[in-house]
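Structural description and commentary
So the chains spell out like this:
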Amino acid sequence: MPKWITQVGCPYCGSSCDDLEVLVSDDGKKVLETRNACVIGNEIFHHASNPNRPTRPRMRQEDGTVKEITYDEAIDYTAKALLKAKKPLIYGFGSTNCEGMSAVGRVAEKAGAVLDNCASICHGPSFLAIFDNGYPSCTLGEVKNRADVVLFWGCNPMHAHPRHTSRYSIFPRGFFTTKGNMQRTIICVDPRETDTAKLADIHLMIDQGHDYELFDAFRTVLRGHDIPDVVAGIKKEQILEAAGKMKNGRFVMIFYGMGCCHTDGRNHNVDIAISTTRDLNSHTKASIMAMRGHYNIAGPGQVWSWQFGFPYCVDLSRGTHAHMNPGETSSIDLAMRDEVDCFVNVGTDAGAHFPIEAVRHLKKHPFITVDPNICMASEISDLHIPVRIVGVEEPGVVYRMDNVPIQFKKVVDGPDGVLSDEELFDRVYERMCELTETEPIWILNRGHAHGSSTAEQ
Amino acid sequence: MALVTLKPYKEPELYLECNNISPDAFAGKTAAEISELEVREGKTRVRLGDYFEVSGKPGDTAEQTEIHIAGDCSRIKYLGTKMTAGSIKVDGNADMYVGGWMKGGKIHVTGNVHSFCGIAMEGGEITVDGNAENYVGSAYRGDWRGMRGGTIRIRGNAGNDIGTFMLGGTIIIEKNAFIHVSTHAEGGCVVIKGDVEGRVGGQMVKGDIYVLGKIQYMLPGFKKIATVEKEIDGVSARFNHYIGDLGERHPRSKGKEIYANLFVMAS
Ligand code: SF4
């Protein structure tokens with residue numbers, strides 16, 4: 001009898017829904033059906049059963065073709081490439097669990113590598129703003145139960161985080177928000193009329209790239225000063241109206257996305273958004289949250305901050321201490337400046353996401369991809385190592401966009417012989433220790449290192 | 001002043017991190033000892049002498065030591081970081097962190113510099129004949145105490161984030177700048193002799209900015225209060241005087257709020 005598994009986490013977008021139900025075949029190998037997931041969430045579960053999925057590492061040959069090799073060979077190649085490089089870059093982690101991220105942290109320390117995650121090309125500017133100005137944030141549960149004025153700034157959850165609006169931000173009825181969307185005022189700041197903007201009570205169609213000016217205008221009017229007749233393409237009356245709604249709300253929530261943190265000024269757009277949130281708190285309660293893209297992209301920030309003190313762009317090449325300075329130690333800058341000589345792409349697709357020039361530079365050196373699926377990066381790699389799909393075939397801890405940790409389940413077994421990210425990187429670490437004739441201290445202290453149920457393996 | 005000359009003879013494959021190229025590190029050493037100083041290329045430790053021919057002899061103290069780098073330093077980071085006295089001259093470009101955390105002495109780069117030039121500087125003088133990239137005289141990430149003293153002069157253009165979180169000192173950009181001048185500043189003076197695209201003085205608490213060219217997008221938090229005659233860096237002219245950022249917190253003194261000043265040359 002096929003079996004329904006409940007309270008399953010969805011390994012797709014940053015909403016990290018944990019209320020999915022998945023129907024699994026008798027033999028526990030195939031996902032038959034899902035409930036509660038949105039279309040993209042549903043897709044990821046069916047992806048696992050794709051018969052064309054690679055199940056063995058594939059190594060590029062001299063003539064450009066690829067050949068299947070064993071995991072041992074792949075682990076040996078990766079360990080040697082990392083040890084040989086003067087400054088390897090390990091990047092990715094959009095889609096893996098915290099256990100895997102922690103294992104990679106141990107490898108990176110041994111390799112003297114730069115450790116970076118997708119935030120580098122995504123919400124990295126948010127980190128910089130948070131370093132400078134703090135993070136007056138809350139959980140999505142608080143948003144659901146309290147927020148009656150919700151601002152979406154440069155983000156479009158209707159497409160990027162499909163269930164965000166129904167579970168947390170617009171529609172749900174909460175403890176103090178018993179009338180759901182009837183009780184909420186939605187303000188959307190976006191140069192385009194997105195599907196989220198269509199739902200909004202007020203849509204401020206801002207001139208692209210002028211977010212900072214509009215925030216400054218809000219702050220100026222909140223302090224009782226006058227502003228020019230038009231700021232960032234928005235009329236003064238509209239700014240006053242939106243500012244009035246925020247001031248008179250009981251709980252104002254600002255969600256922002258790439259449209260805010262990746263237009264000119266980047267971190268300062270978030271920086272001033274945080275200042276605005278702080279200003280609003282002298283009138284009412286207000287909070288702010290980054291719309292993180294992937295289900296566990298908040299994870300590396302948590303794990304590496306614990307391991308090394310920094311959430312991303314962690315340069316471990318000095319061997320004595322971690323150094324972080326995006327602009328210098330960020331993946332794109334390192335690649336464009338030819339500052340790294342080995343690249344490991346884990347659980348993401350640098351081939352698709354990086355500027356072509358950056359990929360060209362990286363391709364001069366060993367290029368390794370660790371990912372369950374075929375992607376652009378895997379196809380240009382010297383070595384592609386497939387792993388189990390977290391949240392489908394591998395359990396683990398993930399951090400939702402509000403930095404709440406959630407234990408994700410596995411629902412089916414992975415393909416025979418395919419390793420998890422954690423197993424793979426622990427073996428790479430052990431191989432590096434063998435090659436350098438050093439003690440694998442982190443493996444000996446594995447219980448201490450992650451303390452999960454897999455500790456006894 | 002006793003002169004040490006470094007002649008680059010080999011290009012590193014990646015970049016060299018040369019925290020050791022400073023009058024403070026060289027003072028009192030022989031040329032041979034200076035060649036032995038450790039610099040880094042990624043995780044590998046190399047000798048300064050592997051990349052530079054060292055000649056001359058430094059003084060006994062940093063103050064008496066003059067360093068001349070006779071060649072391009074496009075792939076050399078951290079020139080003159082944390083130096084307290086003496087001087088460095090580079091014939092050509094230099095990479096990131098020129099004069100970062102500098103406390104005293106002089107640096108002169110005849111070409112361009114990359115980002116983070118004069119980051120968190122406390123004193124001394126940096127002159128760059130070419131252009132600078134981003135973060136000239138800015139604070140290190142997360143530090144609310146930025147540049148505190150000294151002078152940075154960029155004779156060409158500069159990128160974004162000039163004087164972020166600045167508390168004191170002077171930055172002069174002789175040509176144009178991109179965006180974010182004196183963001184979060186609580187002191188100091190920035191002079192832009194050319195044009196700026198925008199975000200001049202955002203979240204600024206105290207301090208002065210002079211723009212001798214045009215600001216394409218003025219922040220709504222700045223208000224014009226007067227037109228004044230001023231002399232700045234050898235230029236006398238009429239300036240429109242703005243105060244701001246009205247959206248930001250400001251200290252009070254004698255019952256009055258103290259604002260940052262922005263002077264834009266009147267056309
Ligand atoms: S909203 Fe996001 S986390 Fe939720 S089911 Fe859809 S893709 Fe998965």
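So, here is what we can say about the structure in this document. (Residues numbered from 1 in each chain as written. Chains lettered and ligands numbered in written order. Predicted model: local features only at pLDDT ≥ 70, side-chain atom pairs only at ≥ 80, totals over all residues. Heavy atoms only, no water.)

Notes on the nonpolar core
Membership of the largest hydrophobic core comes to 97 residues, with the highest contact counts inside it found for Trp153 and Leu214 of chain A together with Phe26 and Ile69 of chain B. The biggest single contributor to this core is helix α9 (residues 211-222) of chain A, with seven residues. Look past the residues within four positions of leucine 214 of chain A in its chain and what remains in contact with it is Trp153, Val189, Leu204, Ile206, Val231, Ala232, Ile234 and Ile239 of chain A. (Core = buried A, V, L, I, M, F, W, Y, C linked by side-chain atoms within 4.5 Å. Buried < 20%, exposed > 50% of the residue type's maximum accessible area, 1.4 Å probe, protein only. Helix = DSSP H or I, 4+ residues; strand = E, 2+ residues; numbered from the N terminus. Contact = heavy atoms within 4.5 Å.)

Describing empty space enclosed by the protein
All told, the structure shown has two cavities of 30 Å³ or more when counted by the stated rule. Taken as a whole, the largest cavity spans an internal volume of roughly 120 Å³. Along the wall of the largest cavity there are 18 residues; nearest its centre are Asp132 of chain A together with Tyr135, Ser138, Ala139 and Arg141 of chain B. Sorting the residues of the lining of the largest cavity by element identifies α4 (124-133) and α12 (267-280) of chain A as the ones contributing at least two each. It is α4 of chain A that contributes the most residues to the lining of the largest cavity, three residues altogether. For the lining of the largest cavity, a count of residues per class yields eight nonpolar, six polar and four charged. If you go around the second largest cavity, the residues you meet are Cys10, Tyr12, Cys13, Ser15, Ser16, Cys17, Leu20, Ala37, Cys38, Gly41, Pro162 and Arg163 of chain A. (1 Å grid on protein atoms, 1.4 Å probe; cavity = no way out; pocket = protein on both sides within 12 Å on 5 of 7 lines; lining within 4 Å. Points joined across faces, edges and corners; volume = space filled by probe spheres on them. Nonpolar A, V, L, I, M, F, W, Y, C, P; charged D, E, K, R; others polar.)

With respect to the pairing of strand β18 (residues 223-232) of chain B
All names here are of chain B. Direction of pairing for β18 relative to strand β19 (residues 235-244): antiparallel, over a ladder of nine bridges. Looking at the pairing, valine 228 lines up with phenylalanine 239 of β19. Between the end of β18 and the start of β19, which pair antiparallel, lie two residues, with aspartate 233 showing a positive phi angle near 45 degrees. (Pairing = 2+ DSSP bridges.)

Notes on α9 of chain A
Residue and element names in this part refer to chain A. Taking 1.5 Å as the rise per residue, α9 with twelve residues should run 16 Å; its terminal C-alpha atoms sit 17 Å apart, in good agreement. Within α9, twelve of the twelve residues are buried, which leaves the element mostly enclosed by the surrounding structure. Among all positions in α9, only Asp211, Tyr212, Glu213, Leu214, Phe215, Asp216, Ala217, Phe218, Arg219, Thr220, Val221 and Leu222 are buried. Positive phi shows up at glycine 224, right after α9, with a value of about 85 degrees. (Expected span 1.5 Å × (residues − 1).)

So, the environment of valine 66 of chain A
Residues and elements named next belong to chain A. Within the secondary structure layout, valine 66 lies in strand β5 (residues 66-68). The spacing of valine 66 and histidine 384 is 318 residues in sequence and 9.4 Å in space, taken between C-alpha atoms. The contacts of valine 66, once residues within four sequence positions are left out, are Arg58, Met59, Arg60 and Gln61.

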